[in-house]
Amino acid sequence: MERRAPSPRVRRVRVPSFLAGRCVPSDPGPLLHHPGSRRHTGKMAALLPAEWIKNWEKGGKNEFVQLCRTLSENKSHDNMGFRDIQQALYELAYHVVRGNLKHDQASNVLGDVIEFREDMPSILADVFCILDIETSCLEEKSKRDHFTQLVLACLYLVSDTVLKERLDPETLESLGLIKQSQQFNQKSVKIKTKLFYKQQKFNLLREENEGYAKLIAELGQDLSGNITSDLILENIKSLIGCFNLDPNRVLDIILEVYECRPEYDDFFVPLIESYMYMCEPQTLCHILGFKFKFYQDPSGETPSSLYRVAAVLLQHNLIDLEDLYVHLLPGDNAIIEEHKREIVEAKQIVRKLTMVVLSSEKTEEKEKEKEKEEEKTEKPPDNQKLGLLEALLKIGDWQHAQSIMDQMPPFYATSHKPIAIALCQLVHVTIEPLYRRVGVPKGAKGSPISSLPNKRAPRQADSFEDLRKEVFNMLCYLGPHLSHDPILFAKVVRLGKAFMKEFQSDGSKQEEKEKMEILFSCLLSITDQVLLPSLSLMDCNACMSEELWGMFKTFPYQYRYRLYGQWKNETYNSHPLLVKVKAQTIDRAKYIMKRLTKENVKPSGRQIGKLSHSNPTILFDYILSQIQKYDNLITPVVDSLKYLTSLNYDVLAYCIIEALANPEKERMKHDDTTISSWLQSLASFCGAVFRKYPIELAGLLQYVANQLKAGKSFDLLILKEVVQKMAGIEITEEMTMEQLEAMTGGEQLKAEGGYFGQIRNTKKSSQRLKDALLDHDLALPLCLLMAQQRNGVIFQEGGEKHLKLVGKLYDQCHDTLVQFGGFLASNLSTEDYIKRVPSIDVLCNEFHTPHDAAFFLSRPMYAHHISSKYDELKKAEKGNKQQHKVHKYITSCELVMAPVHDAVISLHLPKVWDDISPQFYATFWSLTMYDLAVPHSSYDREVNKLKVQMKAIDDNQEMPPNKKKKEKERCTALQDKLLEEEKKQLEHVQRVLQRLKLEKDNWLLAKSTKNETITKFLQLCIFPRCIFSAIDAVYCAHFVELVHQQKTPNFSTLLCYDRVFSDIIYTVASCTENEASRYGRFLCCMLETVTRWHSDRVIYEKECGNYPGFLTILRATGFDGGNKADQLDYENFRHVVHKWHYKLTKASVHCLETGEYTHIRNILIVLTKILPWYPKVLNLGQALERRVHKICQEEKEKRPDLYALAMGYSGQLKSRKPFMIPENEFHHKDPPARNAVAATVQNGPGGAGMPTSLTINTVRLEEGTTEETDKLKEKSQGVVKVINKAVNATPKVTTSNGNSASNSKIIKEKDDKEKSGKEKDKEKKDKTPAATPEMKALGKDGKDKPKEERANKDDKAREIKEKTPKSDKEKEKVKKEEKASKEEKSKTVVTIIESKSTAEKEREKEPSRERDVAKEMKSKENAKGGEKMPVAGSLKSPVPRSETSESEREQKRRKVDTHSSPSHSSTVKDNLNELKDSSAKHYINHTTPTLSKSKEREVDKKDLDKSRERSREREKKDEKDRKDRKRDHSNSDREVPQDSTKRRKEENGTTGSSKHSKSESPSDSPRLNEKEKEKNKSKSSGKEKGDSIKAEKMEKSSSGSKKESRHDKEKTEKKEKRDSTGGKEEKKHHKSSDKHR
């Protein structure tokens, strides 16, 4: 049975490599074959088929020989052929071993084959070796015998030597090749020992001292002669041979000597190189490694000479760095660990510095730190890698140095000072030629640096391109540790500066430009990674900072800020040292900031400066954080920054912008209504610091522009502050009138008197600001962005925000625009301005700038243009006559403004230009206050101030003479400038006025009604501009006055003023806080003009008397007859002014009562502004005072800002009280009955009636329903009062918004008819005492108010009287009244008799029922009034009764009162509408259903019955009263004044002002049509009502006259006298108006 070959595992152990994987051909499980084999089958095919063996003699032998030959000749795959021969021979031998073939046959064939290859014997020996191993393992002895026989047969083919090498000693013995295997083994061991272990060379010096002595002498001789390394090498070889020196030891000694003689590089390096040919390549490295190992003890220190030798050998590539690196300590892992530990330690130090440590803990901390320091003082083991690195750098082997540094953490190597210095030195050498060429400053000598003697060192840089190859790389490895060599730092910066100069100069080719771009980006990287971090580690070197700025200022600010950002936010975290430095800087900054005050600014400033030279970003970041918290630090910090370098100022600008842009900070306070204080503080700091120091503004301005582009307007606060501080242009709503006046003058006057702070020396800073804006083209974009953003604030930004904040942002945006525009106008040259600002139509239509802003920006351009054209024309023709000058000026205006007039047309719809001309529109918007008036008083004021200053200088004894002289010169120069400026402005204003005089006829085209013209004028001109700025507000008021004074055709001044004052609620409600303030100023100026005209008839006649603006024209509705003109006379004008005052009161009270924040705030602001001219009338003032008082109480807890405003106004109002006058002094209130044409209708608190002429005229002006709504509003309040007055007054109708209700034609015709027929009646009426105070009082207040109001009136009056303390003037009045009452008591008898007779006559005419009605009314009054008082008082109290019964009575009275005066009848007719309205109002308010006639009668009867009973009771009470009066006569002093004040209040109807405003609300307008219908029906009934009231009055007066005292009698007489005299005057007016009609 066939046996398997030995297991693969065994074979794998024993089989030589050349036959590994081969197997016996027949073996079914062969070893894995060699990978190189051609057969890739799982089982190897045999080379010797079994047939060959069977037929060996026949043909097998030949086949085998042939196979061997073929395999031997196949040279192409030499290795494969070799293996196949091996396999063939192996298979042949194996067949012999197995007995398939005889050994002699095999030996014969092997003899034939042996010649085919030279190495055939060796192959055969290998085969025998394998078979020897395999057969020795087999148990079958026969196979082993076959093997032995085969080997013996083949001994002649293979030499003994080969067989002795390959076969086992036992096999050799059995073959007879050796005698004894044991001896053979012993002999081989001895030989090996001799070969490998016996020392044949001398290693130690003491073993062969002569040989080594000679060697050292040979190496140590003077090498300066002709001795070469080759010669010495031969000698060394001889010494080694002669003295059996160990070659390794010789090499070691050569290195030792080289260490001692480092200067002979050129000798030793070739020597070692030549010597190394005799050694193995690793030897040198091992010897060096052994040397380094020797110094690796904790106490050992590797000598620098050894590092140097190793570095030189590395540089000459005699050893590999990888081979040597493994011999050096410490290991890379240890280095990484150390680096991590350093970072952790640095962070701990930071933590300690930032921690607040209590004193007890501090001592413990210190002790621990001391212990740690002691531990640290133990010297760390030598870092051989760094030593080698230093040596490499010193000899200039940059490549190897770089690869060592790459193995370490970043900047770990250079953090060791020697390495950093070595690398710096290498950079010095490399940049030397380029630096000498371009970097050395003019006049500097410098000390040249010699190049390295080493040819393998990096090539020196001759151009900027060369820097990129090596130098930039070296600098990047240096990183922050360039700080060790300030000189190199300066050199690199200067090279950078030189490069930037070349980079910014044009003219290079495209390729070069690309190269330069790459270089530029490299320079930026170097700055970021090397220069700035190095500056941080330098010890406060101001010169370096300035040097660096020299290069930085050539970068655009975008790059600079990017660098600062990296430096601040990333660089400090990249290295442990920088982490520590950052912490120390913050610690130091805290220390300084804690101690910074106004007093120690200088020393603190020096410390800040010192700290800022190295670490500005960290320092400023901390300082800014403190400023944001404590705004009182701003001034000392700004003052302390004077010791900064230019670079630091630039960094400060960046830090400010970064702080502003901080996304984590909220820009609003938590209440969402105000801008955060941190933002306000930063803005304030910005302004101060940019003004004081030369910091570049471009970045900040661009930041603001970017924020505006993004629709964020918070940051305009910064621009506002910067412009204010740098240019001295202040925008504040708190300007006094004096300052405002100064602002209308020239630049010098503005600077002297226009601002709160005298901001001096702004010339340089404003120039800087201007340059920054122009250089970066930001001037116009900022203006346009602000103008667009105003609306953006409301519609985009303001969505979620509180209304108050939106208003604030809007104001801030607007104010900044005004301020910025003002800055550009006063600082840009004409060319610059015109070049940048496009035409008005482009601004509005393309840039979507609001019109007011667009004109505001264009205005200076027009002024510049006109003045330059004017100068050109003056130069062209030299005529000094004033007329010539004016003519030239007008020509230049036309030239400049003509294109503007054309451009303006596109801004509005064509319909607009029907009313006002484009010329008028452009003129209005292009002029300023400077053009309209000269503020002489302001000029005088400033000149006087300077005179006072000069006097003070003269009087000052302490001032040195030279300073005195300087100051006086300054004052004189200023004075001259101001006077010159005033003269110049005066000439200019005269020219402008001449121009306007010529233009005015084409201004208002009047293609539609005057009313429409005024509407357009107000809507498109006045209202947008009056809220634009304070000066514009004043300008608008002046312009209106100017248009009036110029007697402009088609301009109704009266209507314009009326529209302005009539309903201010809507305008006030839609203003922001600052706009309200400006609107207030506008109203104030308008009121000032009106008050001036109101104050004096002479002034009025002179300025308004025959001016077209005060023309009143009659055109009835639907009547197209000819126009009849009439001037408004003075007294009527006063009535109108009173009406305006009343209107203002009504609007104010309405706003105050809404409860809306905006309404209340704005009206209080407006009221504060118009306080000098309003309220003038006492009762209006009191009404306001009460309402404001209520606001104070309501808002105290809720809205403190409103409370503060209200309290402020309330205080000011009280202080104005002494200057207020009663209503009858303000305008002629109660004219006598005879011919008082212009008497006015009283509407509640001072509602002024307009004269007939005016009122009729105004109908024409405002056709439509608006007048009617307003008429109704006002009429409803004073119906009864109107009718009572009508008894002794001419026709009159109230007006609202300047539109008066006209009398219809019918009324006029009736008037004319009745006048002739009733003259006699009129005379009779005059005799009757219809005008006694009591009657008037009743007339005024009888049916004045809605029911609810009447009931509470007396109580209210009492409350108010108690609340408001009487002013001195009031007290005086009261005393006078008391005196008068005593005098009059004696004279009452006469009046009583008169009144009795008249009353009796009336009674005869009337049925007795009417008497009862009067009594009933009295009793009701008593019941409602609830207090006992003289009749005068009771008559005054309101009379509430049902409207229906009233009308009934009046119908019955119709028959009785047939004789009435013309004035009376016309009045009744005129006032029918009012009556009708008031009753309609009552129905609206109380919803009383109208009763049928039958029911009315029943109600009347019941009423009469009740009234009779009450009248009896009342008469009894009256008797009691009289007795009480006599008894308590002493108390009359107190009661009369009470009465009089109450009467005054009630007359003016102010107590219910809130209710007036309610009843007058526009909600009544829908009922207009009904009322119009009713008017026609109720005319006749109205007449009766008027008569009935008169009758009632008489009845009451007769009953009251019995009880009247002498005091009352005297009063009536006086009043009658006064009335009769007043009547004469007004009779004339009556006649004239009659003619007119």
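Criteria and thresholds
- Residues numbered from 1 in each chain as written.
- Predicted model: local features only at pLDDT ≥ 70, side-chain atom pairs only at ≥ 80, totals over all residues.
- Heavy atoms only, no water.
- Helix = DSSP H or I, 4+ residues; strand = E, 2+ residues; numbered from the N terminus.
- Buried < 20%, exposed > 50% of the residue type's maximum accessible area, 1.4 Å probe, protein only.
- Contact = heavy atoms within 4.5 Å.
- Areas by Shrake-Rupley, 256 points an atom, 1.4 Å probe, with all protein chains shown as cover.
- Salt bridge = Lys/Arg side-chain N within 4 Å of Asp/Glu carboxyl O.
- Core = buried A, V, L, I, M, F, W, Y, C linked by side-chain atoms within 4.5 Å.
- Patch = residues over 30% accessible without salt bridge, like charges linked within 9 Å, V, L, I, M, F, W, Y side chains within 5 Å.
- Lys, Arg positive; Asp, Glu negative; His and termini not counted.
- Charge placed at Lys NZ, Arg CZ, Asp CG, Glu CD.
- Axes fitted to C-alpha atoms, helices over the stretch in contact; angles between N-to-C directions.
- Parallel < 35°, antiparallel > 145°, perpendicular 65-115°, else oblique.
- Left-handed = near helix turned anticlockwise from the far one by under 90°.
- Nonpolar A, V, L, I, M, F, W, Y, C, P; charged D, E, K, R; others polar.
- pLDDT = per-residue confidence, 0-100.
- Phe/Tyr/Trp six-rings, centres within 6.5 Å; stacked < 30°, edge-to-face > 60°.
- Lys NZ or Arg CZ within 6 Å of the ring centre and 35° of its normal.
- Expected span 1.5 Å × (residues − 1).
- Arc of directions from axis to C-beta.
- Polar contact = N/O pair within 3.5 Å; in protein donor to acceptor, adjacent residues only side chain to side chain.

Asks: So, the overall build of the protein: which residues are in play, and what are the values?
Replies: When you go through the protein residue by residue, the secondary structure sums to 78 helices and 5 strands. For the protein, the residues scored as buried account for 54% of the 1637 residues in total. The contacts in the protein between residues at least 6 apart in sequence include a share of 79% that link residues at least 24 apart. Accessible area for the protein stands at about 75600 Å²; split by element, carbon and sulfur atoms hold 51% of it.

Asks: Can you break down the pattern of salt bridges residue by residue, with the values?
Replies: Counted according to the given criterion, the structure contains 48 salt bridges. Of the charged contacts, one joins Asp852 and Arg790 as a salt bridge, the two residues approaching to 2.8 Å between their closest N and O atoms. Taken together, the residues span a long stretch of sequence, with Asp852 in helix α43 (residues 851–876) and Arg790 in helix α39 (residues 779–797) at a distance of 62 residues. For Asp852, a relative accessible area of 13% translates into the label buried. With a shortest N-O distance of 2.9 Å, Arg1025 and Asp1032 are connected by a salt bridge. Taken together, the shared-partner salt bridges connect Arg249, Asp252, Glu256 and Lys291 into one network.

Asks: Can you tell me about the nonpolar core, naming the residues and giving the values?
Replies: Leu388, Phe685, Leu782 and Phe1082 are the most contacted members of the largest nonpolar core, which totals 316 residues. Ranked by residue count, the leading element in this core is helix α32 (residues 646–660), at 11 residues. Beyond its immediate stretch of four places on either side in the chain, Phe685 contacts Leu624, Ile627, Ile634, Val637, Val638, Leu641, Leu652 and Ile656. Core analysis: the next-biggest nonpolar cluster, separate from the first, contains 48 residues, Cys68, Ile85, Leu89 and Leu131 among them.

Asks: Explain unusual backbone geometry to me, using residue names and the numbers behind them.
Replies: Across the junction of Leu329 and Pro330, the peptide omega takes the value -10°, indicating a cis bond. With respect to the helices, strands and loops of the structure, Pro330 is situated in the loop between α17 (321–325) and α18 (332–354). A cis amide bond links Tyr1174 to the next residue, Pro1175, at an omega of -5°. Positive phi outside glycine occurs at Cys540, with the angle close to 30°. Along the polypeptide, Cys540 turns up in the loop between α25 (510–537) and α26 (542–552). Backbone geometry places Asn1050, a non-glycine residue, at a positive phi of 65°.

Asks: Just give me the short version of a negative patch on the surface, but keep the residues and values in it.
Replies: A cluster of acidic residues, Glu502, Glu511, Glu512, Glu514 and Glu517, forms a negative patch at the surface. Among the elements that make up the negative patch, the one with the highest residue count is α25 (4 residues). By the element assignment, Glu511 lies in helix α25. Using a relative accessible area of 65% as the deciding quantity, one classes Glu511 as exposed.

Asks: Mind laying out the packing of helix α40 (residues 803–827) against α43, listing which residues take part and the relevant values?
Replies: In the contact formed by α40 and α43, the axes pass within 10 Å of each other and the chain directions differ by 15°. Considering the angle they form, α40 stands roughly parallel to α43. In the packing of α40 onto α43, the handedness of the crossing is right-handed. In this structure, α40 contributes Leu817, Val818, Gly821, Gly822 and Ala825 to the contact, and α43 contributes Ala853, Phe856, Pro860 and His864. Of the residues belonging to the contact of α40 with α43, the class tally is 6 nonpolar, 3 polar and no charged.

Asks: How would you sum up the packing of helix α20 (residues 384–395) against helix α22 (residues 417–439)? Please name residues and give values.
Replies: Their axes nearest at 8 Å, the elements α20 and α22 cross at an angle of 15°. Between α20 and α22, the angle falls in the class roughly parallel. Taken as a pair, α20 and α22 cross one another with a handedness that is left-handed. Residue-level contacts link Leu386, Leu389, Glu390, Leu393 and Lys394 of α20 to Pro418, Ile419, Ala422, Leu423 and Leu426 of α22. Here the residues of the contact of α20 with α22 are counted per class, giving 8 nonpolar, no polar and 2 charged.

Asks: An account of the confidence of the model for the protein is requested, with residue identities and associated values reported.
Replies: Across the protein, pLDDT averages 74, with 68% of residues at or above 70. Segment residues 1114–1125 is flagged for pLDDT under 50; beyond a separation of four residues in sequence, or across chains, it makes 19 contacts in the model.

Asks: Give a description of the packing of aromatic side chains that names residues and reports values.
Replies: Under the criterion given, the structure shown has 49 aromatic pairs. Ring centres of Phe1110 and Phe1133 lie 5.6 Å apart, and the angle between their planes is 65°; this geometry places the pair in the edge-to-face category. Of this pair, Phe1110 sits in the loop between α54 (1097–1105) and β1 (1111–1114) while Phe1133 sits in helix α55 (residues 1130–1154), and the two are 23 residues apart along the sequence. You can call Phe1110 buried: its relative accessible area is 0%. Through a chain of ring-to-ring contacts, the aromatic side chains of Phe464, Phe499, Phe503, Phe520, Phe552, Phe555, Tyr557, Tyr559, Tyr561, Tyr564 and Tyr654 assemble into a single cluster. When the ring centre of Tyr889 is taken as origin, the NZ or CZ atom of Arg991, which lies over that ring, is 5.3 Å away.

Asks: Tell me what's going on with helix α29 (residues 601–612), and back it up with residues and numbers.
Replies: The end-to-end C-alpha separation of α29 is 16 Å, in line with the 16 Å expected for 12 residues at 1.5 Å each. Residues of α29 that are buried include every one of Val601, Ser604, Gly605, Ile608, Gly609, Leu611 and Ser612, and no others. Down the axis of α29, the sector holding all buried residues measures 165°, keeping them to one side. As for α29, its buried residues are in contact with α28 (576–595), α30 (616–629), α31 (634–640) and α32.

Asks: Which residues make up the side chain of His1094, and what values do they have?
Replies: Tracing the sequence through the fold places His1094 in helix α53 (residues 1073–1095). Taking the relative accessible area as the measure of exposure, His1094 reaches 8% and is therefore buried. The residues touching His1094, leaving out its near neighbours within four places in the chain, are Tyr1130, Phe1133, Arg1134, Val1137 and Phe1226.

Asks: So, helix α21 (residues 398–406): which residues are in play, and what are the values?
Replies: Among all positions of α21, only Trp398, His400, Ala401, Gln402, Ile404 and Met405 are buried. Lining the buried residues of α21 we find α16 (304–315), α17, α20, α22 and α23 (464–478).

Asks: So, a positive patch on the surface: which residues are in play, and what are the values?
Replies: Residues Arg588, Lys594, Arg595 and Lys610 make up a contiguous surface patch of positive charge. The dominant element in the positive patch, judged by the number of residues it contributes, is α28, at 3 residues. With respect to the helices and strands, Arg595 occurs in helix α28. Residue classification places Arg595 among the partly exposed residues on the basis of a relative accessible area of 40%.

Asks: Got a sec to walk through the environment of Ser545? Specific residues and values, please.
Replies: Relative to the elements of secondary structure, Ser545 occurs in helix α26. Ser545 sits 67 residues away from Ser612 along the chain, and the two C-alpha atoms are 9.6 Å apart. Looking at Ser545, its side chain comes within polar contact range of the side chain of Thr645, at 2.8 Å.

Asks: Tell me what's going on with the environment of Pro899, and back it up with residues and numbers.
Replies: Looking at the element boundaries, Pro899 is found in helix α44 (residues 882–905). For the pair formed by Pro899 and Ser839, sequence separation is 60 residues and the distance between their alpha carbons is 9.2 Å.

Asks: So what's going on with the side chain of Lys1000? Residues and values would help.
Replies: Structurally, Lys1000 can be placed in the loop between α48 (961–999) and α49 (1010–1026). Here Lys1000 is buried and forms no salt bridge, its nearest opposite-charge partner Asp1001 lying at an N-O distance of 4.2 Å. Engagement of the side chain of Lys1000 in a polar contact is seen with the backbone oxygen of Gln1046, the distance being 3.3 Å. Not counting the four nearest positions on each side in its chain, Lys1000 is found in contact with Gln1046, Lys1047, Thr1048 and Pro1049.

Asks: Give a detailed account of a nonpolar patch on the surface, specifying residues and quantitative values.
Replies: A cluster of nonpolar side chains, Ile191, Leu195, Phe196 and Tyr197, forms an exposed patch at the surface whose accessible area comes to about 540 Å². Here Leu195 is to be found in helix α10 (residues 181–196).

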